[in-house]
Amino acid sequence: MPTPKTVALQLRYLAHARSGDKGNTANVGLIALRPEWYEVIRKQVTVARVRRHFRGMVSGVDRYELPNLAALNFLLHGALDGGGTVSLRTDAQAKVFSTALLRMEITLPR
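Since the structure is predicted, the reported quantities are computational estimates derived from the model, not experimental observations. (Residues numbered from 1 in each chain as written. Predicted model: local features only at pLDDT ≥ 70, side-chain atom pairs only at ≥ 80, totals over all residues. Heavy atoms only, no water.)

1. Regarding the overall build of the chain
- The number of helices and strands found in the chain is three helices and six strands.
- Beginning at the N terminus, the succession of helices and strands in the chain can be written as β-β-β-α-α-β-β-α-β.
- A fraction of 62% describes how many contacts in the chain between residues 6 or more apart in sequence connect residues 24 or more apart.
- Total accessible area computed for the chain in this model is approximately 6,500 Å², and 54% of it derives from carbon and sulfur atoms. (Helix = DSSP H or I, 4+ residues; strand = E, 2+ residues; numbered from the N terminus. Contact = heavy atoms within 4.5 Å. Areas by Shrake-Rupley, 256 points an atom, 1.4 Å probe, with all protein chains shown as cover.)

Printed below as a string of structure tokens:
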């Protein structure tokens, strides 16, 4: 929550992301645009926050840290309604999950 000393900013200003699919799981890589931004992203983009961000769309979330790449990798379980070959969802291959994650807001010092 922003305060007079902080500002809320969407992740898209601090990172880029890529996503894809494996069966019923969406895979989202979140990569800091600058290595010095990785730590604030790592601290705030938690499993709980990502689960909340995708509430009603996923059954579980796993997070893997890749500090040498200044990146986080998320597995969004149950996100694809069975997967690309059986799902009737618009994004059965998870292409827009990365864009959706980049809309998450985190708090930064002013």
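2. Comments concerning the side chain of Asn73
- The topology assignment puts Asn73 in strand 5 (residues 71-77).
- One polar contact links Asn73 to Asn27, side chain to side chain, over a distance of 2.9 Å.
- Filtering out sequence-adjacent residues up to four positions away, Asn73 remains in contact with Asn27, Val28, Gly29, Asp62, Arg63, Tyr64 and Leu66. (Polar contact = N/O pair within 3.5 Å; in protein donor to acceptor, adjacent residues only side chain to side chain.)

3. Here we look at the sheet that holds strand 4 (residues 60-66)
- One open sheet accounts for four strands, arranged 2-3-5-4; its pairing is antiparallel. Each having just a single partner strand, strand 2 (15-22) and strand 4 make up the two edges of the open sheet. Strand after strand, the sheet turns through a mean of 20° between neighbouring axes, direction not considered.
- Across eight bridges, the pairing between strand 2 and strand 3 (residues 25-32) is antiparallel. In the sheet register, Lys22 faces strand 3, and the bridge partner there is Thr25. (Pairing = 2+ DSSP bridges. Axes fitted to C-alpha atoms, helices over the stretch in contact; angles between N-to-C directions.)

4. Comments concerning the nonpolar core
- Formed by 27 residues in total, the largest nonpolar core has its most connected members in Leu30, Ile41, Val45 and Leu76.
- At the level of secondary structure, the elements contributing two or more residues to this core comprise strand 2, strand 3, helix 1 (38-44), strand 5, helix 3 (97-102) and strand 6 (105-109).
- Per-element tally for this core: the top contributor is strand 3, with four residues.
- Not counting chain neighbours up to four residues away, the residues in contact with Val45 comprise Leu11, Leu30, Val50, Arg63, Leu72, Phe74, Met104 and Ile106. (Core = buried A, V, L, I, M, F, W, Y, C linked by side-chain atoms within 4.5 Å. Buried < 20%, exposed > 50% of the residue type's maximum accessible area, 1.4 Å probe, protein only.)

5. So, the confidence of the model for the chain
- A residue-level look at the chain finds 86% of positions with pLDDT of 70 or above and a mean pLDDT of 88.
- The least confident element of the chain is strand 2, whose mean pLDDT is 90; the most confident is strand 4, at 98. (pLDDT = per-residue confidence, 0-100.)

6. Focus on unusual backbone geometry
- Backbone geometry at Ala70 places phi at a positive 55°, although glycine is not the residue there.
- On the secondary structure map, Ala70 appears in the loop between strand 4 and strand 5.

7. What about the packing of aromatic side chains?
- Using the criterion set out here, one finds one aromatic pair in the structure.
- Ring geometry for Phe54 and Phe97: centres 5.5 Å apart, planes at 40°, overall tilted. Of this pair, Phe54 sits in the loop between helix 2 (47-53) and strand 4 while Phe97 sits in helix 3, placing them 43 residues apart in sequence.
- Classification of Phe54 as buried rests on a relative accessible area of 2%.
- Phe97 sits in the buried class, given a relative accessible area of 5%. (Phe/Tyr/Trp six-rings, centres within 6.5 Å; stacked < 30°, edge-to-face > 60°.)

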